[in-house]
Amino acid sequence: MSEKKKRFTRKNVLYWVVLNIGTLLLAAGVYFFKAPNNFATGGVSGISIILCKFITPHVSWLGQTEIMTAINILLLIIGFIFLGKGCTFKTAYCSLVYSAEMQLMKLIPVNPPVTDQIFLEFVYAMLLTAAGSAIIFNCKASSGGTDIIALIIKKYTKLNVGKALLATDFVIAASTFFIFGAQTGLYSMLGLFAKAFIVDGVIENIGKSKYVQIITAKPELITPFILEDIHRGYTSVKAQGGYSGEEKTIILTVCKRPEAIKLKARIHSVDSEAFVILTDTNEIVGKGFRDTL
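Report on the accompanying structure.

Calculation notes
- Sequence order as written defines residue numbering, which begins from 1 separately in each chain.
- The model is predicted, so local features are restricted to residues of pLDDT at least 70 and side-chain atom pairs to those at 80 or more, both for listing and for counting; the totals for chains, interfaces and linings are taken over all residues.
- With hydrogens and water stripped out, all remaining heavy atoms of the structure feed into the side-chain values.
- The secondary structure listing takes helices from DSSP runs of H or I that are at least 4 residues long and strands from runs of E that are at least 2 residues long, numbered from the N terminus.
- Put simply, the radius of gyration uses C-alpha atoms, and a globule should come to 2.2 Å times the residue count raised to 0.38.
- Each residue is placed in one exposure class: buried if its accessible area under a 1.4 Å probe, protein chains only, is under 20% of its type's maximum, exposed if it is over 50%, and partly exposed if it falls in between.
- By definition in these notes, contact holds between two residues if any of their heavy atoms fall within 4.5 Å.
- His residues and chain termini do not enter the charge count, which takes Lys and Arg as positive and Asp and Glu as negative.
- For this purpose, a charge sits on NZ of Lys, CZ of Arg, CG of Asp or CD of Glu.
- Points on a 1 Å grid, built from protein atoms alone, make a cavity when a 1.4 Å probe fits but cannot get out and make a pocket when they are open with protein on both sides within 12 Å along at least 5 of 7 lines; residues with an atom within 4 Å of a point are the lining residues.
- Grid points are joined across faces, edges and corners, and a volume is the space filled by probe spheres set on the points.
- A pair of strands is labelled paired if DSSP reports no fewer than 2 bridges between them.
- What makes a nonpolar core is a set of buried Ala, Val, Leu, Ile, Met, Phe, Trp, Tyr and Cys residues whose side-chain atoms join them at distances within 4.5 Å.
- To estimate the expected span of a helix, count its residues, drop one, and scale the result by 1.5 Å.
- Convention adopted: a line fitted to C-alpha atoms gives each axis, helices being fitted over their contacting stretch, and angles between N-to-C directions are expressed from 0 to 180 degrees.

For the protein, the count of helices and strands is 10 helices and 4 strands. Sequence-ordered secondary structure for the protein, helices as α and strands as β, is α-α-α-α-α-α-α-α-β-α-β-β-α-β. A globule of 293 residues ought to have a C-alpha radius of gyration of about 19 Å, yet the protein, at 24 Å, is considerably larger. Oriented by its inertia axes, the alpha-carbon framework of the protein measures out at about 85 × 45 × 40 Å. Relative to its 293 residues, the protein shows a buried fraction of 40%. Look at the contacts in the protein between residues 6 or more apart in sequence, and 72% of them connect residues 24 or more apart. Positive and negative charge centroids in the protein, built from 30 and 20 side chains respectively, lie 7 Å apart.

Following this line, the structure appears as structure tokens:
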């Protein structure tokens, strides 16, 4: 197997591992912390928490998990009817795995809520679900649910989908004041806004890379490492030291943080006099990073 094919295979395996971790975090946050405390901050999980209040007392076997699974499957069917290929395999996969994990968590000998500290429960509900959602979004996938509704709205109307979904989630969260009481309502409203900030923050940190500028007199000892060991490209520019007057080479490259650590160690070992500038970058468009603006 060629080196390029091996890297491709490792990259794909890592992609699906990370995607499943995101889905697991989302499911754990909803099952153990969000649903037991009725934190209905929007989406299908919020709708199912509210419906459970009215349905489960009359149909005992139909709990929040079952209601959410049924809604997700229904929305997937609607998505395939109205969107066709727009309802991607990854969306269907995440939605079904998310629902399946919620069902499997019933086998764990822990009866939620896990603690009697509602604020602690709220913190973990938001952290786990937001981190899970951010990881899934960063993998260019979604957990389905109301995201499918958003895609349908986008396809057939000129409405601002983001605002439409925010309005829907606001209605779901606000309704908890009347259904579950003021305390749960306040937590649900706080969670609605907190989740948005946490998701953005997690995505931003996941996507961070390093922009590296290297000023060196020994480029031949550094550039092969960039190409062959961390598998990144680079741009080099001839320059002259302003103080010494010596000929220098400026090497410009962008890499992930773990790769930047390796590159720094390599530079230090072959040219301790090199001048290195590392800058955090939140968004990079180009081959090996994001494909589009």
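With an omega of 0°, the peptide bond running from P112 to P113 counts as cis. As for its placement among the helices and strands, P113 is situated in the loop between α4 (89-104) and α5 (118-138). At N38, a residue that is not glycine, the phi angle is positive and equals roughly 60°. Assignment of secondary structure puts N38 in the loop between α1 (3-34) and α2 (43-55).

Okay, the layout of surface pockets next. To locate leftover empty space, one rolls a probe as large as a water molecule over the atoms. The calculated volume of the second largest pocket comes to roughly 890 Å³. Around the second largest pocket, the lining comprises 32 residues; the ones closest to its centre are F137, T146, D147, D169 and K195. Of all elements in the fold, only α1, α2, α5, α6 (146-156), α7 (161-179) and α8 (182-206) reach the threshold of two or more residues within the lining of the second largest pocket. No other element matches α8, which puts 7 residues into the lining of the second largest pocket.

With that settled, the discussion passes to the pairing of strand β1 (residues 209-216). Bridge count for β1 against strand β3 (residues 247-256) is 8 bridges, and the pairing is antiparallel. Each bridged residue has a counterpart across the sheet, and for I215 the counterpart in β3 is I250. For β1 and strand β4 (residues 275-281), the ladder comprises 7 bridges, and the chain directions are antiparallel. Its bridge partner being in β4, Q213 is matched across the sheet by I277.

Residues L19, F32, Y98, M102, M105, I136 and I148 are the most contacted members of the largest nonpolar core, which totals 32 residues. Of all elements in the fold, only α1, α2, α3 (64-83), α4, α5 and α6 reach the threshold of two or more residues within this core. If one sorts the elements of this core by residue count, α1 sits on top with 8 residues. Not counting residues up to four positions away in its chain, the partners in contact with Y98 are T23, L26, A27, V30, S45, M68, N72 and S143. Counting residues in hydrophobic clusters, the runner-up holds 13 residues, among them I226, I251, I267 and A274.

What follows concerns α8. Taking 1.5 Å of rise per residue, the 25 residues of α8 would be expected to cover 36 Å, and the 35 Å separating its terminal C-alpha atoms lies within 8% of that figure. Looking only at α8, the buried set comprises T184, G185, Y187, S188, M189, G191, L192 and V199.

Note on sheets: strands pair through backbone hydrogen bonds, and any given pair is parallel or antiparallel. With antiparallel pairing, the 4 strands of this open sheet are ordered in space as β2-β3-β1-β4. Of all the strands in the sheet, the pair left with one neighbour each is β2 (235-240) and β4. Neighbour to neighbour, the strand axes of the sheet diverge by 20° on average, direction disregarded. Relative to β3, β2 runs antiparallel, the two being bridged by 6 bridges. Within β3, the position partnered with V237 by the bridge is I250. Each of β1, β3 and β4 touches helix α10 (residues 257-270); the most contacted strand, β3, lies at about 150° to it.

In short, the description is geometric, and any link to function would need to be established separately.
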